[in-house]
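# Reading the structure
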Amino acid sequence: EVQLLESGGGLVQPGGSLRLSCAGSRFTFSSYAMTWVRQTPGKGLEWVSAISGNGGNTYYSDSVKGRFSISRDNSRNTLYLQMNRLRVEDTALYYCAKQDDSGWYRDWGQGTLVTVSS
Amino acid sequence: DFEMTQSPSTLSASLGDRVTITCRASQSISNWLAWYQQKPGKAPKVLIYKASTLDGGVPSRFSGSGSGTEFTLTISSLQPDDFATYYCQQYHSYSPWAFGQGTKVEIK
């Protein structure tokens, strides 16, 4: 069974930075594109960023473009999300998800909570 | 950007009811659409991908249909485990890959 374990969330002040990690196991990590999806407390899902299996292609939502950076280390089976210039509206539960076929997600982590507040 | 609009936002139904949720895309996405179920405190669970393909282990009372810009998720006979929030997601192109705003299915 695929396992995805996020870490790195926490409380940060507006304008600050945080790096999220997602460790994948029980699948060939480098063969799959990976995605970050966030969910504001009590609200819906928002696609944030994605990266191809070899890391050569990255994609961002307009709301995080220029502030967040997605990367991966396939030797460590780990996905990252570097979040800079954080805003109050970035407060959310951040999930990593393994992309199947052309872009849907069967496997999700449990999420890591990011709170941006002064 | 693609926008996904779900309706209704909330749906009240009784056990055994047939339930239909609609998802409309702002542009044609062919059949590149998935449906997810999410329960409080849990990650989303995929039910259907490619508009109508049921993922393994998903009960057959769930079905999906549609192509282009209009899609539906149908639960043929609502069961206690089905009270949850449902989301559609387009994956036609990275522009970005948008989710609908969700439909909460509540007990009537």
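Look above for the structure.
The paragraphs below set out a description of the structure included in this document. All values derive from a computational prediction rather than experimental measurement.

Here we take up the overall build of chain A. Within chain A, the regular secondary structure consists of 0 helices and 11 strands. Tracing chain A from N to C terminus, the helices and strands come up as β-β-β-β-β-β-β-β-β-β-β. Against the compact-globule benchmark of 13 Å for 118 residues, chain A has a radius of gyration of 13 Å, which places it among compact chains. Viewed in the frame of its principal axes, chain A has a C-alpha envelope of about 40 × 25 × 25 Å. Considering only intrachain contacts with a sequence separation of at least 6, the fraction spanning at least 24 residues in chain A is 52%.

Time to look at the interface of chain A and chain B. Taken together, the 21 residues of chain A in the interface contact 18 residues of chain B. On the chain A side of the interface with chain B, the three residues burying the most area are Leu45, Trp47 and Trp104 of chain A, jointly 37% of the side's total. Applying the counting criterion to the chain A and chain B interface returns 1 salt bridge. Applying the counting criterion to the chain A and chain B interface returns 6 residue pairs in polar contact (both at pLDDT 80 or more). Put simply, the parts of the chain that give the side of chain A that touches chain B at least two residues each are β4 (34–39), β5 (45–51), β9 (92–100) and β10 (104–108) of chain A. Looking at the side of chain A that touches chain B, its residues break down into 9 nonpolar, 7 polar and 5 charged.

Conventions we followed
- Residues numbered from 1 in each chain as written.
- Chains lettered and ligands numbered in written order.
- Predicted model: local features only at pLDDT ≥ 70, side-chain atom pairs only at ≥ 80, totals over all residues.
- Heavy atoms only, no water.
- Helix = DSSP H or I, 4+ residues; strand = E, 2+ residues; numbered from the N terminus.
- Rg over C-alpha atoms; globule rule 2.2 N^0.38 Å.
- Contact = heavy atoms within 4.5 Å.
- Buried area = accessible area lost by both parts, 1.4 Å probe.
- Salt bridge = Lys/Arg side-chain N within 4 Å of Asp/Glu carboxyl O.
- Polar contact = N/O pair within 3.5 Å; in protein donor to acceptor, adjacent residues only side chain to side chain.
- Nonpolar A, V, L, I, M, F, W, Y, C, P; charged D, E, K, R; others polar.

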